[in-house]
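A closer look at the structure
Take a look at the letters that make up each chain.
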Amino acid sequence: MVKNRDPARRPLPGIISAAPAGPPAGLEVISLAALRARTRAEGTDLGVPQRPGFHQVLTLVSGSLRQTVDFTAHDVGRDSWLWTRPGQVLQWGDLTRAEGTLIAFQRDFPGVAAVRAARLDDPHARVLRTPRDGAAASLRVATEHLEHEFRAPGRLPRDAHGTVLRHLLDVLILRLAHLEGADTPATGTSETFLRFRAAVERDFVRTRRVDDYALTLGYSARTLSRAALESAGIGAKEFIDRRVILEAKRLLAHTDLAAARIADRLGFSSATNFAKYFHQRAGQAPIAFRTAVRGRVETG
């Protein structure tokens with residue numbers, strides 16, 4: 001059974017909650033038909049913003065589905081793959097329009113080598129992938145094999161069964177991660193920008209000043225701004241601000257925290273300063289954003 005282990009996060013509204021007996025903890029493979037049945041039985045609404053503490057890989061065999069990840073809509077079609085990572089905010093579209101498979105797993109379920117090679121901790125990894133014919137066929141076989149083994153726990157001793165599932169998941173995520181270099185830095189992405197991007201991910205709640213990152217990394221503020229502009233198309237300050245706003249949106253969407261609490265989490269001196277900062281960059285007040293995103297229903 002896969003569960004959200006972060007106590008600071010609001011519990012999920014029932015997506016991964018009843019894995020069949022037998023498979024080891026940390027993995028669930030479920031068809032969309034079974035997911036629909038489960039949500040009907042539990043009376044849950046998958047359109048509610050969620051922030052799972054585990055990975056989810058979704059692939060379709062028919063139909064289409066519009067999934068919203070971090071407030072951007074993605075149209076998932078046949079043989080498309082949507083990979084959402086821990087910390088991202090997900091809103092499901094209309095499940096009646098698609099058939100396919102959802103694979104949910106904790107970060108520590110795959111093998112260590114696969115975790116490194118597939119860059120599981122990369123928060124900038126591509127969300128939607130559509131492989132070409134040959135790669136699509138290999139991914140489909142890998143998924144079918146994983147799904148078959150997940151549903152047949154009695155044919156092997158429990159430890160052996162867990163090992164088989166782990167290796168099969170490793171194959172799938174490695175193939176996904178290396179689709180035509182899907183997660184490798186784009187041509188022109190500099191080492192300076194990659195270091196800056198990693199520092200922002202680590203420290204954006206501590207500081208929003210370019211000068212602080214320049215001091216930490218040993219560059220000038222001008223060098224960081226130039227590197228960000230060349231690699232991301234925006235300046236260093238804008239890059240920092242966008243990361244702060246993304247986290248603010250995530251907290252507003254999936255928690256009931258008051259603006260003052262969110263302001264404190266993000267390093268603002270007051271709720272007033274946070275509200276002003278958010279409005280200038282998001283175009284609306286924090287609470288207005290919360291109301292809008294929770295009322296949004298994406299359709300295919």
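Now for a quick tour of the structure. (Residues numbered from 1 in each chain as written. Predicted model: local features only at pLDDT ≥ 70, side-chain atom pairs only at ≥ 80, totals over all residues. Heavy atoms only, no water.)

All right, on to the nonpolar core then. In terms of nonpolar packing, the biggest core is built from 34 residues, with Phe196, Tyr213, Leu224, Leu266 and Phe274 touching the most fellow members. Put simply, the parts of the chain that give this core at least two residues each are α5 (191-203), α6 (210-217), α7 (221-232), α8 (236-254), α9 (259-265), α10 (271-282) and α11 (286-295). Residue contributions to this core peak at nine residues, all from α8. Setting aside anything within four residues of it in sequence, one finds Leu266 in contact with Phe204, Val205, Arg208, Val244, Glu247, Ala248, Leu251 and Phe274. Counting residues in each nonpolar core, the second largest holds 24 residues, with Val57, Leu139, Ala142 and Ala177 among its members. (Core = buried A, V, L, I, M, F, W, Y, C linked by side-chain atoms within 4.5 Å. Buried < 20%, exposed > 50% of the residue type's maximum accessible area, 1.4 Å probe, protein only. Helix = DSSP H or I, 4+ residues; strand = E, 2+ residues; numbered from the N terminus. Contact = heavy atoms within 4.5 Å.)

Okay, the sheet that holds strand β7 (residues 98-105) next. If you trace the five strands from one edge of the open sheet to the other, you get β1-β7-β2-β5-β8, paired in antiparallel fashion. Single-partner strands in this sheet number two, and they are β1 (27-31) and β8 (128-129). Pairing analysis gives eight bridges linking strand β2 (residues 55-63) to β7, with the strands arranged antiparallel. Paired with Ser62 across the bridge in β7 is Glu99. Strands β1, β2 and β7 of the sheet are contacted by helix α1 (residues 32-42), whose axis makes an angle of about 95° with β1. Those strands touched by helix α3 (residues 133-150) are β1, β2, β5 (81-84) and β7, and its axis lies near 105° from that of β1. (Pairing = 2+ DSSP bridges. Axes fitted to C-alpha atoms, helices over the stretch in contact; angles between N-to-C directions.)

Turning to the packing of α5 against α7, a few remarks are in order. Two measures define how a pair of helices packs: the angle their axes make with one another and the distance between the axes. Running from amino to carboxyl end, α5 crosses α7 at an angle of 100°, the nearest separation of the two axes being 9 Å. One finds that α5 runs roughly perpendicular with respect to α7. Within the contact between the two elements, α5 uses Thr192, Phe193 and Phe196 and α7 uses Thr223, Leu224, Ala227, Ala228, Ser231 and Ala232. Residues that form the contact of α5 with α7 fall into these classes: six nonpolar, three polar and no charged. (Parallel < 35°, antiparallel > 145°, perpendicular 65-115°, else oblique. Nonpolar A, V, L, I, M, F, W, Y, C, P; charged D, E, K, R; others polar.)

Another aspect to go through is the packing of aromatic side chains. Applying the stated criterion across every chain yields a total of eight aromatic pairs. With a centroid separation of 5.4 Å and an interplanar angle of 80°, the aromatic rings of Phe193 and Phe239 are classed as edge-to-face. Pair noted here: Phe193 is in helix α5 and Phe239 is in helix α8, with a separation of 46 residues, a long-range link. With a relative accessible area of 4%, Phe193 lands in the buried category. Ring plane angle 65° and centroid distance 5.9 Å describe the contact between Phe278 and Phe289, whose orientation is recorded as edge-to-face. (Phe/Tyr/Trp six-rings, centres within 6.5 Å; stacked < 30°, edge-to-face > 60°.)

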